[in-house]
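What the coordinates show
Chain by chain, the residues:
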Amino acid sequence: MTADQSFAGKTAVVTGAASGIGLTVARHFAERGARIVGVDLAEQVTDIVAGLPGSGHHGITKDLTAPTAAHEVFEFVLAEAGTPHILVNSAGIALLDPATEVSAERWQATIDVNLSASFYMAQAAGRLMLDAGYGRIINLASQAAVVGLDQHAAYCASKAAIVGLTRVLSLEWARRGITVNAVSPTVVETPLGKQAWAGEKGEKAKAQIPVGRFAQPEEVAALIAFLASDAAAMITGENVLIDGGFTSV
Ligand SMILES: NC(=O)c1ccc[n+]([C@@H]2O[C@H](COP(=O)([O-])OP(=O)(O)OC[C@H]3O[C@@H](n4cnc5c(N)ncnc54)[C@H](O)[C@@H]3O)[C@@H](O)[C@H]2O)c1
């Protein structure tokens, strides 16, 4: 089996599906036969997801930091598509400040989206997947989970926490057919990546990556698809770096 396998008959819930990695992942699964439920703060997610290849897709506009958001998403998923097989937590923000300047609001906003929303989505998905005895959960962490980056105090903290969370969920659910993994890209050329790494700062960062370039969203989607495949049943609790060698040197 290859990463290019079919996902026919599978339902994949993807957060952050209106943009960047989430959109690319949703398209990757849809092209291979999956039914997509895409969730995003951005209203255009409904049209974007409905327009993906295949049929039966749904886009939901929702702020995932709202206390009842995860519950509402999975109530909808169950009613419209049945038990979900795959969850990809890609919704995220990067608010950059020197550590001395991080406001309580910007710290909390980062933790709320990058960490808490991912947890509540995984918790709600996990409850259904445990009943079904099958599931694949992939959380977007970052190279920022394993190395410190200038002005990334809140972001690095949120992503390191995602890796810890991933380990616990994988441990608790491993015997019940569910794998939980994190994926940690270097800078990916998405709206978020381009905004955070524009100009000279980006060129310097690129030069420090052994392969000499940033990642493309399709490369991250291919890794996520492999982790979501049946072939990856023995991989759980991992944080898979996709960083062109940046954290290995
Ligand atoms: N792009 C990179 O360089 C990079 C590198 C490593 C990790 N990541 C991680 O990958 C994930 C996706 O990043 P991206 O580059 O695709 O970003 P992006 O900005 O292109 O897309 C993120 C999406 O999340 C949505 N979102 C934000 N807050 C939300 C909320 N409260 N509720 C629902 N949706 C919300 C946004 O509307 C947006 O559509 C993030 O978790 C990010 O931290 C990105």
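Scroll up for the structure.
Everything quoted here is computed from the prediction, not taken from an experiment. Sequence positions are assigned chain by chain, starting from 1 and proceeding in written order. The model is predicted, so local features are restricted to residues of pLDDT at least 70 and side-chain atom pairs to those at 80 or more, both for listing and for counting; the totals for chains, interfaces and linings are taken over all residues.

1. As for the overall build of the protein
Each helix is a run of DSSP H or I of at least 4 residues and each strand a run of E of at least 2, with the numbering of both proceeding from the N terminus. Helix and strand content of the protein: 8 helices and 7 strands. Considered along the principal axes of its C-alpha atoms, the protein spans approximately 45 × 40 × 35 Å. With C-beta atoms placed from the backbone, a residue counts as buried when 20 or more other C-beta atoms lie within 10 Å of its own, as exposed when 12 or fewer do, and as partly exposed for counts between those limits. Counting all 249 residues of the protein, 47% fall into the buried class.

2. Section: the sheet that holds strand 7 (residues 239-242)
Strands were regarded as paired on the criterion that DSSP finds at least two bridges between them. Read from one edge to the other, the open sheet built from 7 strands follows the order 3-2-1-4-5-6-7, with strand pairing classed as parallel. Each having just a single partner strand, strand 3 (58-61) and strand 7 make up the two edges of the open sheet. With direction set aside, neighbouring strand axes in the sheet form an average angle of 15°. Relative to strand 5 (residues 135-140), strand 4 (residues 86-89) runs parallel, the two sharing 4 bridges. Bridge pairing links Ile86 to Arg136 in strand 5. Note that contacts rest on C-beta atoms placed from the backbone: two residues are in contact if these are within 7 Å. Axis definition: a line fitted to C-alpha atoms, limited for helices to the stretch in contact. Angles are taken between N-to-C directions and run from 0 to 180 degrees. Relative to strand 2 (residues 35-40), helix 3 (residues 69-81) is tilted by about 160°, and along the sheet it contacts strand 1 (11-15), strand 2 and strand 3.

3. A short note on the environment of Arg127
Within the secondary structure, Arg127 sits in helix 4 (residues 104-132). For the pair Arg127 and Val211, spaced 84 residues apart in the sequence, the C-alpha separation amounts to 40 Å.

4. With respect to unusual backbone geometry
Backbone geometry at Gln151 places phi at a positive 65°, although glycine is not the residue there. If you trace the backbone, Gln151 turns up in the loop between strand 5 and helix 5 (153-173). Judged by C-beta crowding, with 17 C-beta atoms within 10 Å, Gln151 ranks as partly exposed.

5. A closer look at the pairing of strand 3
Consecutive side chains of a regular strand alternate in pointing toward one face of the sheet and then the other. Pairing geometry for strand 2 and strand 3, over 4 bridges, is parallel. Looking across to strand 3, one finds that Asp40 is bridged to Thr61. By convention a crossover is right-handed if, when the strands point away from the viewer, the path from the first strand over the helix to the second runs clockwise. Chirality of the crossover, the property in question, places the unit of strand 2, helix 2 (residues 45-50) and strand 3 among those that are right-handed.

6. Some thoughts on helix 4
With 29 residues, helix 4 should reach 42 Å at 1.5 Å per residue; the first-to-last C-alpha distance of 40 Å fits that figure. The largest bend along helix 4 measures about 40° and falls at Asp112. Elements that come into contact with the buried residues of helix 4 comprise strand 1, helix 3, strand 4, strand 5, helix 5 and strand 6 (178-185). Within two residues after helix 4, Gly133 carries a phi angle of roughly 75°, on the positive side. Helix span, as expected, comes to 1.5 Å for every residue beyond the first. To get the bend at a residue, fit one axis to the 7 residues ending there and another to the 7 starting there, then take the angle between the axes.

7. Quick look at the nonpolar core
If you look at the biggest cluster of nonpolar residues, it comprises 70 residues, and the most contacted ones within it are Ala26, Ile36 and Ile224. Ranked by the residues each element gives to this core, the list is headed by helix 4, at 9 residues. Other than its neighbours up to four places away in sequence, Ala26 contacts Val14, Ala17, Ile36, Gly38, Val49 and Leu52. Among buried residues, those of type Ala, Val, Leu, Ile, Met, Phe, Trp, Tyr and Cys that are joined through C-beta atoms within 7 Å form a set called a nonpolar core.

8. Considering the packing of helix 1 (residues 20-31) against helix 8 (residues 217-228)
It is the contact of helix 1 with helix 8, at a shortest axis distance of 9 Å, that shows an interaxial angle of 55°. Here helix 1 lies oblique to helix 8, going by the angle between them. Classified by chirality, the crossing of helix 8 by helix 1 is right-handed. Across the interface between the two elements, Gly20, Ile21, Thr24, Val25, His28 and Phe29 from helix 1 touch Pro217, Glu218, Val220, Ala221, Ile224 and Ala225 from helix 8. Basically, the charged four are Asp, Glu, Lys and Arg, the nonpolar ten are Ala, Val, Leu, Ile, Met, Phe, Trp, Tyr, Cys and Pro, and anything else, Gly included, counts as polar. Looking at the contact of helix 1 with helix 8 residue by residue, the class counts come to 8 nonpolar, 3 polar and 1 charged. Put simply, angles under 35 degrees are roughly parallel, angles over 145 are roughly antiparallel, angles from 65 to 115 are roughly perpendicular, and the rest are oblique. Rotating anticlockwise by less than a right angle from the far helix to the near helix defines a left-handed crossing, while the corresponding clockwise rotation defines a right-handed one.

9. Some details on the site of the ligand
The local shell around the ligand holds 28 residues, among which Gly16, Gly20, Gly92, Leu192 and Gly193 are the closest. Elements represented by at least two residues in the shell around the ligand include exactly helix 1, helix 4 and helix 6 (191-196). For each residue, a C-beta atom is positioned from the backbone; the residue is called near a molecule or strand if that atom sits within 6 Å of it.

10. Overview of helix 8
Taking 1.5 Å per residue, 12 residues should reach 16 Å; helix 8 reaches 16 Å between its end C-alpha atoms and fits that length. Buried residues belonging to helix 8 abut helix 1, strand 4, strand 5, strand 6 and strand 7.

11. Notes on the environment of Val102
Note that Val102 resides in the loop between strand 4 and helix 4. It is 28 Å that separates the C-alpha atoms of Val102 and Ala122, two residues lying 20 residues apart in sequence. Ignoring any residue separated from it by four or fewer positions in sequence, one finds Val102 in contact with Asp97, Trp107, Ala153 and Ala154.

12. Side note on the pairing of strand 7
Residues Asn239 and Leu241 point to one face of strand 7 and are all buried, whereas Val240 and Ile242, pointing to the other face, are not buried. Relative to strand 7, strand 6 is paired through 4 bridges, and the arrangement is parallel. Counterpart to Ala182 in the pairing with strand 7 is Asn239.

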